Amino acid sequence: MEMTINAADVERMLADARGTGARDLDEILDRAEGLRGLSPKDVAALLTTDSEEHISRMFRVSGEIKEKIYGERVVMFAPLYVSDYCVNRCAYCGYACGNEFTRRRLTMDEIRKEAEILERMGHKRLALEAGEDPVNCPIEYILEAIRTIYDMKAGSGEIRRVNVNIAATTEENYKKLHDIGIGTYILFQETYHEPAYTALHEAGPKRDFRYHLTAFDRAMRSGIDDVGGGVLFGLHDWRFEVLGLMLHNRHLDETYGAGFHTISMPRLCHAQGMDMSRYEILSDGDFKRVVATIRIAVPYTGMIISTRESPDMRKELIRLGISQVSGGSSVEVGGYASREDGGEQFEVADRRPAIDVLRWLMDEELVPSFCTACYRKGRTGDRFMSLAKSGNIKNVCLPNALMTLCEYMMDYGDERFRAQASGIIEKNISKIASDKMRALTRENIDRIKGGERDLFV
Ligand code: SF4
Ligand code: SF4
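Since the model is a prediction, treat every value here as computed from it, not as a measurement.

Quick look at the environment of Glu67 now. With respect to the helices and strands, the residue Glu67 is situated in helix H4 (residues 52-70). It is 8.4 Å that separates the C-alpha atoms of Glu67 and Gly321, two residues lying 254 residues apart in sequence.

Residues apart from glycine generally show negative phi values, whereas peptide bonds are mostly found in trans. For Glu190, which is not glycine, the phi dihedral falls at a positive 70 degrees. Mapped onto the secondary structure, Glu190 falls in the loop between strand E7 (185-186) and helix H8 (194-200). On the basis of relative accessible area, Glu190 is assigned to the buried category, the value being 8%. In this structure, Asp454 is a non-glycine residue whose phi angle is positive, near 60 degrees. Note that Asp454 resides in the segment after helix H20 (435-449).

The environment of ligand 2 is formed by Arg73, Arg125, Cys371, Ala373, Cys374, Arg379, Phe384, Ile393, Val396, Cys397 and Asn400. Among the secondary structure elements, those contributing two or more residues to the shell around ligand 2 are helix H16 (373-376) and helix H18 (394-412). Top contributing element to the shell around ligand 2 by residue count: H18, with three residues. Across the shell around ligand 2, the residue classes break down as seven nonpolar, one polar and three charged. Of the domains in this structure, domain 1 (68-385) and domain 2 (390-449) are the two that each give at least three residues to the shell around ligand 2.

The next thing to look at is the packing of helix H3 (residues 40-48) against helix H12 (residues 284-297). In helix packing, the relevant descriptors are the interaxial angle and the interaxial distance, both defined with respect to the helix axes. One can describe the packing of H3 onto H12 by two numbers: an axis separation of 11 Å at closest approach and a directional angle of 155 degrees. As judged from the angle between their axes, H3 and H12 are roughly antiparallel. Relative to H12, the crossing made by H3 is right-handed. Taken together, the residues of H12 that come into contact with H3 (itself represented by Val43, Leu46, Leu47 and Thr48) are Arg289, Thr293, Ile296 and Ala297.

Time to look at the pattern of salt bridges. Evaluation of the coordinates by the stated rule reveals 38 salt bridges. Among the salt bridges present, the one from Arg120 reaches Glu116, with a minimum N-O distance of 3.2 Å. Placement of the pair is Arg120 and Glu116 together in helix H5 (residues 108-120), with a separation of four residues, close to one helical turn. Accessibility expressed as a relative area gives 49% for Arg120, which makes it partly exposed. A salt bridge links Arg447 to Glu452; its shortest N-O distance comes to 2.8 Å.

Along its sequence, the protein chain is organised into domain 1 (68-385) and domain 2 (390-449). On a C-alpha basis, the centres of domain 1 and domain 2 stand 27 Å from each other. Across the contact, 28 residues belong to domain 1 and 24 residues belong to domain 2. Sorting the residues of domain 1 by area buried against domain 2 places Arg73, Arg359 and Met362 first, and these three jointly supply 27% of that buried surface. Counting every contact that joins domain 1 to domain 2 gives four salt bridges. A salt bridge links Arg359 to Asp414, with the nearest nitrogen and oxygen atoms 2.9 Å apart. Here domain 1 and domain 2 share eight residue pairs in polar contact (both at pLDDT 80 or more) between them.

Let's shift gears to the packing of aromatic side chains. In the structure shown here, the tally under the stated rule is 10 aromatic pairs. Ring centres of Phe216 and Phe260 lie 5.9 Å apart, and the angle between their planes is 75 degrees; this geometry places the pair in the edge-to-face category. Placement of Phe216 in helix H10 (residues 215-221) and of Phe260 in the loop between helix H11 (238-256) and strand E10 (262-264) is noted, with a sequence separation of 44 residues between them. On the accessibility criterion, Phe216 (3% relative accessible area) is buried. Joined through ring pairs, the aromatic side chains of Tyr174, Tyr185, Phe216 and Phe260 make up one cluster.

Definitions and cut-offs
Residues numbered from 1 in each chain as written. Chains lettered and ligands numbered in written order. Predicted model: local features only at pLDDT ≥ 70, side-chain atom pairs only at ≥ 80, totals over all residues. Heavy atoms only, no water. Helix = DSSP H or I, 4+ residues; strand = E, 2+ residues; numbered from the N terminus. Buried < 20%, exposed > 50% of the residue type's maximum accessible area, 1.4 Å probe, protein only. Near = heavy atom within 4 Å. Nonpolar A, V, L, I, M, F, W, Y, C, P; charged D, E, K, R; others polar. Domains from an automatic or database assignment. Axes fitted to C-alpha atoms, helices over the stretch in contact; angles between N-to-C directions. Parallel < 35°, antiparallel > 145°, perpendicular 65-115°, else oblique. Left-handed = near helix turned anticlockwise from the far one by under 90°. Contact = heavy atoms within 4.5 Å. Salt bridge = Lys/Arg side-chain N within 4 Å of Asp/Glu carboxyl O. Buried area = accessible area lost by both parts, 1.4 Å probe. Polar contact = N/O pair within 3.5 Å; in protein donor to acceptor, adjacent residues only side chain to side chain. Phe/Tyr/Trp six-rings, centres within 6.5 Å; stacked < 30°, edge-to-face > 60°.

Laid out in structure tokens, this is it:
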């Protein structure tokens, strides 16, 4: 059966959960501490409580879960916008059809150039992004763009994982994306509330709520086993959206054996042509609560924030549960080559170059990671989830993080960077629990310093 969601049912679940007693909330949070995740009903209770005591405990528990499962690691990625042609009119987006600006689609030479710049920044993992336009941006173009990126090697740099964020499409097209070797297929539901969805998607194929909602069913039936969900927080009530995400996650888990590989956490911000009075912008406090709730509910699902958030907000959210951030990002087609103002899909708050973001993470004692090992070792879908849920994933994540940081510092770091990264690597090697893995990591780090690349476990 495919994913369905009924707005009245979700609202009823939230209403029923309101006023859950202290003892039940304690019991839910006790269970959450055991890293087993929570049911949508539990999540509804956490989302609707007004108890300051329990909200504070939620923040503590989410921070502890983040620490236990992800330690100090933060996975790095960069978005790559290849086309801003779009036949949809989404009220909240700068690329909406009807917005007047000169649209473009990158040529393969331009994509090579963008990939080269990103590789020279040290990136190994991209999220390829494009608007929906079957004429100006057909699936064949996307496939060629992915091939071009995988083939591009700048010095010792290479993109090892291309995640893809393109419009909901057919099983046939998902099969093509699967066969070419994409990482995660990412699609934001935007909002799970069908009436709000219909009002905000004013024209174009994306207006079809059901087709959009069932995209992951088609993707998974076509062989794609890593999918990444998300909503644009601010389009509708945040409690409703978090519950929508959890119901979707449960559907995928029960039907295909693996829930979301990642959940993206964009918060609505201003874009060209947008009437901000239509939206309820989420306060920082509520947004932190959203991150904490999701971290508690799905401990093994990667959580992503983008440059929409300021450095200070990113710092807090990383402590609460975020496991992936973008660095040195441009949200403009051809933006890495031009770095000119304007023409962006939305406004970004963090414009620092990638190396500055890495320095900043290390100043916070965090470990930036360029790891793409699971995808390349075939640890995807249910294989990934079973390793993650057993808790053993962390035994490979930290060694891989340290090896990729070492690679980065050797290839792109200046003297100051190398000194800081060496300190972080040394400090964290001692945290690897297994003697054998610790020894292997040391050996691999020496090999990387000696010139070898792309070592992973
Ligand atoms: Fe097009 Fe996506 Fe923007 Fe909607 S959100 S207008 S589909 S680019
Ligand atoms: Fe992600 Fe797997 Fe690398 Fe861990 S080992 S950071 S789960 S790709």
